[in-house]
Amino acid sequence: MTSTEAVIGDGQTAGDDRARPGAAGPSGEDAPLVRLEGFEGPLDRLLEMARSHRVDLSRISLGALIDQFVAASEAAAAAAPLAQRGDWLVMVAWLVLLR
């Protein structure tokens, strides 16, 4: 599985359809990777799939999502601009709201 594929449901994968207009999130390819029950892939892909109802957010632990977001944000503090990390925070906030 590549970093742009996501595991959904019972092991199915969703291919990369970033060529579709509006498919990528605000941070594009630089979104942190998350590994959660029911999903593995970039944070922006998780948000896109949640908005299109292709992933079941009730199966995803909010605690694990937030812990991984905080770890990724801290790890990228020197490399990623504050605006980009702010985009990640907005993505996580949307996921919490959608859940």
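For the structure, see preceding data.
Peer 1: Just to check I follow, could you spell out the overall build of the protein for this structure?
Peer 2: The helix and strand inventory of the protein stands at 3 helices and 4 strands. In the protein, which comprises 99 residues, the share counted as buried stands at 39%. Taking the contacts inside the protein whose residues are at least 6 apart along the sequence as the reference set, 55% of them involve residues at least 24 apart. Accessible surface, the protein: about 5500 Å² in total, of which carbon and sulfur atoms supply 56%.

Peer 1: Even after reading the chapter, I still don't get the pattern of salt bridges, so can you show me in this structure?
Peer 2: As a working rule, side chains carrying opposite charge can pair if their charged atoms are close by. This model, assessed by the stated rule, comprises 3 salt bridges. A salt bridge links R35 to E40, with the shortest nitrogen-to-oxygen separation between them at 2.3 Å. Residue E40 is classed as partly exposed on the basis of its relative accessible area, which comes to 29%. Where R54 meets E48, a salt bridge forms, and the shortest distance between an N and an O atom there is 3.7 Å. What makes R54 partly exposed here is its relative accessible area of 33%. It is possible to trace a salt-bridge network through shared partners that takes in R45, E48 and R54.

What counts as what
Residues numbered from 1 in each chain as written. Predicted model: local features only at pLDDT ≥ 70, side-chain atom pairs only at ≥ 80, totals over all residues. Heavy atoms only, no water. Helix = DSSP H or I, 4+ residues; strand = E, 2+ residues; numbered from the N terminus. Buried < 20%, exposed > 50% of the residue type's maximum accessible area, 1.4 Å probe, protein only. Contact = heavy atoms within 4.5 Å. Areas by Shrake-Rupley, 256 points an atom, 1.4 Å probe, with all protein chains shown as cover. Salt bridge = Lys/Arg side-chain N within 4 Å of Asp/Glu carboxyl O.

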